[in-house]
Amino acid sequence: MSGENVYTVIAGCGRLGASIAGKLSDQKKDVMVLDCDKTAFRKLPCSYGGLTMTANATDIEKLSSANMKDAAAFIAVTDYDCVNICAAQIARKVFHIPKVVARIYDEDKVDLVNKMGIDTICPSELSEKEISNYIAIGGL
C-alpha cells in the first residue's frame, strides 16, 4: 500500500460494494474488498486493480490480515444490518479507522449506529429525500 494513497476496506461485494471498489480503484486508490462468498468478486469491474479476500466481515483475525490497521476508511455494505453494524464497530473500536460508514436498511437502527460514531447510509431515507425533492421541484 502506498503512503500517499488512502487505503479503503469494503465489506460486501454486492452491486454497491463492487461499484464503490471499482470507482476507487479507477482513481488509483488502494482497496481491499471482503466477502464471505468468493463468487461475489465476479461483480467487480474488469478494470479493478485492488485486492480481494474471502472472509466474514466480523472475523477480527481475517480483518487483521487485511491490514485493517492501515486503513483510512471502512465501508460496510453487506446485505445484513447486523453484520454491517458489528463490522463497523470493530473497524472503529478495534482498528481505530477514522472514517467508517455502514449501510443500514432499518431506519430504526440509524440513530443508534450514529451514536456509536459510525456514519450511516440508509437507502430508504435517501430514496424518500430524493422523491420529496422531485415533488418539490414540480416533478409530480
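Computed from a prediction, not measured in an experiment: that's the story for all the values here.

**Let's talk about the overall build of the protein**
For step 1, the next point in the chain: A count of helical and extended segments in the protein gives 5 helices and 6 strands.
For step 2, the next point in the chain: The secondary structure elements of the protein, listed N-terminal to C-terminal, are β-α-β-β-α-β-α-β-α-β-α.
For step 3, the next point in the chain: Computed over the C-alpha atoms, the radius of gyration of the protein is 16 Å, within 12% of the 14 Å expected from 2.2 N^0.38 for a compact globule of 140 residues.
For step 4, the next point in the chain: With the principal axes as the frame, the protein shows a C-alpha extent of 50 × 35 × 30 Å.
For step 5, the next point in the chain: Scored against the burial criterion, the 140 residues of the protein give a buried share of 39%.
For step 6, the next point in the chain: Sequence-distant contacts in the protein: of pairs separated by 6 or more residues, those separated by 24 or more amount to 47%.
For step 7, the next point in the chain: Total accessible area computed for the protein in this model is approximately 8200 Å², and 54% of it derives from carbon and sulfur atoms.
For step 8, the next point in the chain: Averaging the positions of the 16 positive and the 18 negative side-chain charges in the protein gives two centres separated by 5 Å.

**Comments concerning the nonpolar core**
For step 1, the next point in the chain: Grouped together as the largest cluster of nonpolar side chains are 28 residues, with contacts concentrated most on Val 9, Met 32, Leu 34, Met 68, Phe 74, Ile 97 and Val 100.
For step 2, the next point in the chain: Listed by contribution, the elements that provide at least two residues to this core are strand S1 (7–11), strand S2 (30–35), strand S4 (73–76), helix H3 (81–93), strand S5 (99–103) and helix H4 (107–115).
For step 3, the next point in the chain: Considering every element that reaches this core, the biggest residue donor is H3, with 5 residues.
For step 4, the next point in the chain: Within the second largest apolar cluster, 13 residues are counted, among which are Ala 18, Leu 24, Val 33 and Phe 41.

**Re unusual backbone geometry**
For step 1, the next point in the chain: Notably, Lys 28 is not glycine yet its phi reads approximately 65 degrees, a positive angle.
For step 2, the next point in the chain: Assignment of secondary structure puts Lys 28 in the loop between helix H1 (15–26) and S2.
For step 3, the next point in the chain: For Lys 28, a relative accessible area of 63% puts it in the exposed group.
For step 4, the next point in the chain: Of note in the backbone geometry, Asn 67 takes a positive phi value of approximately 60 degrees without being a glycine.
For step 5, the next point in the chain: As for its placement among the helices and strands, Asn 67 is situated in the loop between helix H2 (60–65) and S4.
For step 6, the next point in the chain: Residue Asn 67 is classed as partly exposed on the basis of its relative accessible area, which comes to 29%.

**Quick look at the pairing of S4**
For step 1, the next point in the chain: Of the two faces of S4, the one lined by Ala 73 and Ile 75 and the one lined by Phe 74 and Ala 76 are each fully buried.
For step 2, the next point in the chain: By the bridge criterion, 4 bridges tie S1 to S4 in an arrangement that is parallel. Paired with Ile 10 across the bridge in S4 is Ile 75.
For step 3, the next point in the chain: Strand direction decides the pairing type here: S4 and S5, joined by 4 bridges, are parallel. Note that in S5 the partner of Ile 75 across the bridge is Val 101.

Parameters and conventions
Residues numbered from 1 in each chain as written. Predicted model: local features only at pLDDT ≥ 70, side-chain atom pairs only at ≥ 80, totals over all residues. Heavy atoms only, no water. Helix = DSSP H or I, 4+ residues; strand = E, 2+ residues; numbered from the N terminus. Rg over C-alpha atoms; globule rule 2.2 N^0.38 Å. Buried < 20%, exposed > 50% of the residue type's maximum accessible area, 1.4 Å probe, protein only. Contact = heavy atoms within 4.5 Å. Areas by Shrake-Rupley, 256 points an atom, 1.4 Å probe, with all protein chains shown as cover. Lys, Arg positive; Asp, Glu negative; His and termini not counted. Charge placed at Lys NZ, Arg CZ, Asp CG, Glu CD. Core = buried A, V, L, I, M, F, W, Y, C linked by side-chain atoms within 4.5 Å. Pairing = 2+ DSSP bridges.

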